[in-house]
Number of protein chains: 2
Amino acid sequence: MTDRPSPLGNPEHPLELSAHTMRAMVEQAMARIIPHIESLPDQPAADTSGGEALARSLREPIPQQGQPFETLFDDIFRITRTSFTASGPGYLAYIPGGGLFHAAVADLIADAINRYVGVWAAAPGLAQLEANVIRWFCDMVGYPASAGGFLTSGGSLANLSAVVTARRTHLADDFLRGTIYTSNQVHHSVLKAALLAGFPAGNIRSVPVDEDFRMRLDALADRIAVDRREGYQPFLVVGSAGTTNTGAVDDLTALADIAGRENMWFHADAAYGGFFVLTDRGRQRLAGLERADSLSLDPHKGLFVPYGTGSLLVRDRELLARAHGVSADYMPAIQHHDDDLVDFCEISPELTRPFRGLRVWLPIKMHGIDVFARALDEKLDLSHWITDQLERVDGLEILARPQLTVTAFRVMRPGWSVDEANSATRALLDAVNRRRRVYLTGTMLDERFVIRICVLSFRTHQDRMEMCLEDIVEALGELALESA
Amino acid sequence: MTDRPSPLGNPEHPLELSAHTMRAMVEQAMARIIPHIESLPDQPAADTSGGEALARSLREPIPQQGQPFETLFDDIFRITRTSFTASGPGYLAYIPGGGLFHAAVADLIADAINRYVGVWAAAPGLAQLEANVIRWFCDMVGYPASAGGFLTSGGSLANLSAVVTARRTHLADDFLRGTIYTSNQVHHSVLKAALLAGFPAGNIRSVPVDEDFRMRLDALADRIAVDRREGYQPFLVVGSAGTTNTGAVDDLTALADIAGRENMWFHADAAYGGFFVLTDRGRQRLAGLERADSLSLDPHKGLFVPYGTGSLLVRDRELLARAHGVSADYMPAIQHHDDDLVDFCEISPELTRPFRGLRVWLPIKMHGIDVFARALDEKLDLSHWITDQLERVDGLEILARPQLTVTAFRVMRPGWSVDEANSATRALLDAVNRRRRVYLTGTMLDERFVIRICVLSFRTHQDRMEMCLEDIVEALGELALESA
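Reading the values: rules and limits
- Residues numbered from 1 in each chain as written.
- Chains lettered and ligands numbered in written order.
- Predicted model: local features only at pLDDT ≥ 70, side-chain atom pairs only at ≥ 80, totals over all residues.
- Heavy atoms only, no water.
- Pairing = 2+ DSSP bridges.
- Helix = DSSP H or I, 4+ residues; strand = E, 2+ residues; numbered from the N terminus.
- Axes fitted to C-alpha atoms, helices over the stretch in contact; angles between N-to-C directions.
- Contact = heavy atoms within 4.5 Å.
- Least-squares fit on C-alpha atoms with pLDDT ≥ 70 in both.
- Buried area = accessible area lost by both parts, 1.4 Å probe.
- Salt bridge = Lys/Arg side-chain N within 4 Å of Asp/Glu carboxyl O.
- Polar contact = N/O pair within 3.5 Å; in protein donor to acceptor, adjacent residues only side chain to side chain.
- Nonpolar A, V, L, I, M, F, W, Y, C, P; charged D, E, K, R; others polar.
- Buried < 20%, exposed > 50% of the residue type's maximum accessible area, 1.4 Å probe, protein only.
- Core = buried A, V, L, I, M, F, W, Y, C linked by side-chain atoms within 4.5 Å.
- Parallel < 35°, antiparallel > 145°, perpendicular 65-115°, else oblique.
- Left-handed = near helix turned anticlockwise from the far one by under 90°.
- Right-handed = clockwise from strand over helix to strand, strands pointing away.
- Phe/Tyr/Trp six-rings, centres within 6.5 Å; stacked < 30°, edge-to-face > 60°.
- pLDDT = per-residue confidence, 0-100.

A. Representation of the sheet that holds strand β13 (residues 448-454) of chain B within the structure. Residue and element names in this part refer to chain B. Sheet architecture is open: 4 strands sit in the order β10-β11-β13-β12, paired in antiparallel fashion. Whereas interior strands pair on both sides, the edge strands pair on one side only; in this sheet they are β10 (396-400) and β12 (441-445). Across the sheet, the axes of successive neighbouring strands diverge by a mean angle of 40°, strand direction being ignored. Pairing of β10 with strand β11 (residues 406-411), which is carried by 4 bridges, proceeds in the antiparallel orientation. Counted as the bridge partner of Leu 396 is Val 411 from β11. Each of β10, β11, β12 and β13 is contacted by helix α15 (residues 418-435), which is oriented at about 30° to β13, the strand it contacts most. Across the face of the sheet, helix α16 (residues 462-483) comes into contact with β10, β11 and β13 while running at roughly 155° to β13.

Dropping the structure here:
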């Protein structure tokens, strides 16, 4: 330290804020964040009415003049009210995101220090914290010491890198006869990944599922055999470890067997379901996950961190390096001290990117992993509880009991056509969501429209599930009266 | 609001922190962040000594027990000291990152509210803020109303999506004869993007450059003609709008002409250089950028935000949608109210991902864009100033004067071989970096090793450039003495 005055807050360089302004910004942000989080249980689970007008009102050319940050913060929190309350306890839609506040503080720190962790040598300790996170994930799923991986922005890019790694491992440059096998319940990011990685849409085989929405193994084996006879190159099986539609978990052990026998890559999309390996029930359900050649896990789902952190793990990290390696003159020499001091930019598609590790590392270090395991166990309990309750409700039909934490059901009466059931189910979904204590979404199972309940937020507890049940039962009663 | 007690800080649900803990975490984080930022000018520009031992000491199995966050914060800031001080004023290496504190607060807020902006309908106002940022970028570069784009984690994924969009626009499913043209100075992320997108490495044509390190137009035209004769399908020209090696800007107008004539896609990698369009000199230098079919711009470079935000802009956003579109049953219906209410997940590879818009929107709204333009102008001045100074130093040879803000030079004496010059230049680089007031990196220009000075941090001002000059001159003097 010299006795030179603080360089901060120099009016000639306004982008370097004074310590006073930094403190004031954070204080003002917190003065809005804490009431926001405290009121989450009372906020509507979703309210986007007037959203289009709101969005249009916000359009503006690039500002020439600045505005006080307090005004801007007020704007942000006002605008936020018109949205799906994705971080609230009543959000049981799609796959709920998290929103651990720990991660917000981790990002505050990571942004403020702004170190580069893509190359090990640029910040060895910080890169190691991220490497620890990856190693923890590998240990959780039962991967060997040769495994490795990296953090992504989410499941889509993890799946993309998986497809590319499989392609570059199993196929030659001329890969256009390579075929990919998924169940018809697979997440659409896998299809997108295949297209982006260069495969014609026609090379993606959509294998039918059994009554539990799991990939039919006989159909898979048949299709692979047919494709081989026709000169295709089957090279990749993608199993789902928790589908988005119904939470179905494919028979991962059987898929690993088939992939092994056929000399194919086995990727498990465990973006939603993977972290349930932390629980006893989940571990049983996910048996065989450790045999996948690669798998996607989304910390912004099962570890409750805010949106923006997925991961790809690969049993043999050397294959990641081979799939992604390119060198350049201006890059620092890659230092292969040993296999564990990894340059993430060498094994992933990104060079410069955020320091994602800290937002996962900090909450785990603050609580220990058991707290997360217990929270996930609670989600399993809640999901089973509401399914049992719904099963007893006259007029509802459960189409998918939770394999993890998704339930799918519909309104059905004896003698109804599919169309009648679909229409009543859509009406029920709207009536439940209008109550705004929970937000549910639907999907199609074949031609059947169903309502899904996905329990994954760390903020969702028994009280909210009771509200969910009440609202469903009441709304169903109203609909019956209306149609009577 | 009900009179129900705050749900926060319930010991049964430890992941939901109490308001008290949230405030304490932020306070403790700030108590470390502010001194850290205040001391940046006095921190070594890079210090990674002992990095390997540090990294190894940090390895640990997944914790079962939690630790107090104060201890963890102390660890983070201690670990951070062993790194390239990428956010400091003396970091003139690679392409300096930013680190605006505004963005750290924006991420704190974005993480705490954790809304989903990938689909317009889920958070219309917040998605619009991100759409505003994209529109501002389009306006900056002179793109028409039909243009669009999205924010990425950095330039690598922007370039990947550019290659995929060009491929899906210009080539059929069977694209393996498609060829890509770049200068031999292109950023290696473009080569990586091509590989990930399915092109054989041999389909990437490395076109030689002129004495200013710009792609040779005659060589480009010749190579395209040869390839057409040989049955290849030339479909993509990638121009560099600021190379990493020397900051060279290709003749973008001429490349646009050639691409137009040849019915090829023209992508400009403006990740480093693009935001200089905000300045008069930059706009002149980047003439023709607005004619690119797509371009990459990295806000974490030229807009000084922390690592983690790049962008891809495309003249015709409909082509992005066509290149990335896939649908799924559980996705909300895509609402095409009009072309400006965009679902980012439909035009980009990511579905769930962080709300990147806020960290760019907030600093621009707080200051107005002119403050950024002036800061970039300052970087141009600084870069020219030090180049002029170095030119007068006996024993130094400037190999690249700044086209934007990169200077490349080496040690050279009459009669020296290339090897002698390289060895002396490496010695000079080490001697300058040992002083730790600036951190510089080298690169190869053909067989010539050069030292680069890249001025881009919002924290680098005239005083630091004077230190840089002093250190170079002194170090050069010492080396001359040693070899005498």
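B. Representation of the relation of the copies chain B and chain A within the structure. Overlay of chain B on chain A (RMSD 0.0 Å): rotation 180°, translation along the axis 0.0 Å. Here the copies are linked by what is in effect a two-fold axis. By residue overlap, the copies meet face to face through one surface: 100% of the interface positions of chain B are interface positions in chain A.

C. How the structure looks around the interface of chain B and chain A. Facing the 158 residues of chain B at the interface are 158 residues of chain A. Together, the buried faces of chain B and chain A total about 14,200 Å²; carbon and sulfur atoms form 67% of this surface. Counting every contact that joins chain B to chain A gives 6 salt bridges. For Asp111(B), the salt bridge is made with Arg359(A), and the minimal N-O distance between the two is 3.0 Å. Linking chain B with chain A are 43 residue pairs in polar contact (both at pLDDT 80 or more), by the criterion used here. Here the side of chain B that touches chain A gets 12 residues from one element, more than from any other, and that element is helix α1 (residues 19-38) of chain B. Looking at the side of chain B that touches chain A residue by residue, the classes come out as 85 nonpolar, 45 polar and 28 charged.

D. Geometry of the side chain of Arg452(A). Residue and element names in this part refer to chain A. Examined against the element boundaries, Arg 452 turns out to sit in strand β13 (residues 448-454). For Arg 452, a relative accessible area of 0% gives the class buried. A polar contact is formed between the side chain of Arg 452 and the backbone oxygen of Tyr 94, at a distance of 2.9 Å. Reaching out from Arg 452, the side chain makes a polar contact with the backbone oxygen of Thr 244 at a distance of 2.7 Å.

E. The arrangement of the nonpolar core in detail. Counting 300 residues, the largest nonpolar core has Phe101(A) and Phe101(B) as its most contacted members. Sequence-distant contacts of Phe101(B), that is, excluding residues within four places in its chain, are made with Leu17(A), Met22(A), Val26(A), Leu108(A), Ala112(A), Met30(B), Ile33(B) and Ile37(B).

F. Structural context of the packing of helix α14 (residues 369-391) of chain B against α16(B). Residue and element names in this part refer to chain B. Where α14 contacts α16, the axes come no closer than 10 Å and their chain directions differ by 25°. With respect to α16, the axis of α14 lies roughly parallel. Judged by the sense of rotation from one axis to the other, the crossing of α14 with α16 is right-handed. Here α14 contributes Leu 382, Trp 385, Ile 386, Gln 389 and Leu 390 to the contact with α16, which in turn contributes Gln 462, Met 465, Glu 466, Cys 468, Leu 469 and Ile 472. Residues belonging to the contact of α14 with α16 are distributed by class as follows: 8 nonpolar, 2 polar and 1 charged.

G. Spotlight on the pairing of strand β6 (residues 233-240) of chain B. All names here are of chain B. For β6, the buried fraction is high: 7 of the 8 residues fall into the buried class. The pairing of β6 with strand β7 (residues 265-269) spans 5 bridges and is classified as parallel. If you follow Ser 240 over to β7, its bridge partner there is Asp 269. Since β6 and β7 lie parallel, the crossover through helix α9 (residues 252-261) that links them has a hand, and here it is right-handed.

H. Spotlight on the pattern of salt bridges. If you walk through the whole model with that rule in mind, you get 62 salt bridges over all chains. Of the charged contacts, one joins Glu350(A) and Arg356(A) as a salt bridge, the two residues approaching to 2.8 Å between their closest N and O atoms. In this pair, the class of Glu350(A) matches that of Arg356(A), namely buried. Measuring nitrogen to oxygen at the nearest pair gives 2.5 Å for the salt bridge that ties Asp280(B) to Arg283(B). Of this pair, Asp280(B) and Arg283(B) both sit in helix α10 (residues 280-285), 3 residues apart, which is roughly one turn of that helix. On the accessibility criterion, Asp280(B) (53% relative accessible area) is exposed. One salt-bridge network, in which partners are shared between bridges, spans Asp107(A), Arg359(A) and Asp111(B).

I. Expanded view of the environment of Asn132(A). All names here are of chain A. For Asn 132, the location among the structural elements is in helix α5 (residues 124-141). Its relative accessible area of 3% is what places Asn 132 among the buried residues. A C-alpha to C-alpha distance of 17 Å links Asn 132 and Phe 372, two positions 240 residues apart in sequence.

J. Representation of the side chain of Arg410(B) within the structure. Residues and elements named next belong to chain B. Structurally, Arg 410 is set in strand β11. For Arg 410, a relative accessible area of 7% gives the class buried. Polar side-chain contacts of Arg 410 include one of 2.7 Å to the side chain of Glu 397. Here Arg 410 is in contact with Gly 395, Leu 396, Glu 397, Leu 399, Ala 421, Thr 425, Arg 448, Phe 449 and Val 450, once residues within four sequence places are set aside.

K. Expanded view of the packing of aromatic side chains. In the structure shown here, the tally under the stated rule is 23 aromatic pairs over all chains. On the basis of an interplanar angle of 75° and a centroid distance of 5.0 Å, the ring pair of Phe137(A) and Phe275(A) is categorised as edge-to-face. Within this pair, whereas Phe137(A) is found in helix α5, its partner Phe275(A) is found in the loop between β7 (265-269) and α10 (280-285), the two being separated by 138 residues in sequence. There is no split in this pair, since Phe137(A) and Phe275(A) are both buried. Measuring from centroid to centroid gives 6.0 Å for Phe304(B) and Phe458(B), while their planes differ by 45°, and the two rings are tilted.

L. A look at helix α7 (residues 188-196) of chain B. Residues and elements named next belong to chain B. Most of α7 is tucked away, with 8 of its 9 residues classed as buried. Buried within α7 are the following residues: His 188, Ser 189, Val 190, Lys 192, Ala 193, Ala 194, Leu 195 and Leu 196. Once α7 finishes, Gly 198 follows within two positions and takes phi at roughly 110°, a positive value.

M. Summary view of the sheet that holds strand β8 (residues 294-297) of chain B. Residue and element names in this part refer to chain B. Strand order in the open sheet formed by 7 strands is β3-β9-β8-β7-β6-β4-β5, and the pairing between neighbours is mixed. Strand pairing shows two members of the sheet lacking a second neighbour, β3 (148-152) and β5 (204-207), which therefore form its edges. Across the sheet, the mean angle separating the axes of adjacent strands is 20° when strand polarity is ignored. Most of the contacts of helix α12 (residues 317-324) go to β3, to which it runs at about 60°, and overall it touches β3, β7 and β9 (310-314).

N. Representation of the confidence of the model for chain A within the structure. A residue-level look at chain A finds 95% of positions with pLDDT of 70 or above and a mean pLDDT of 95. What the predictor reports for the complex is a pTM of 0.96 with an ipTM of 0.96.

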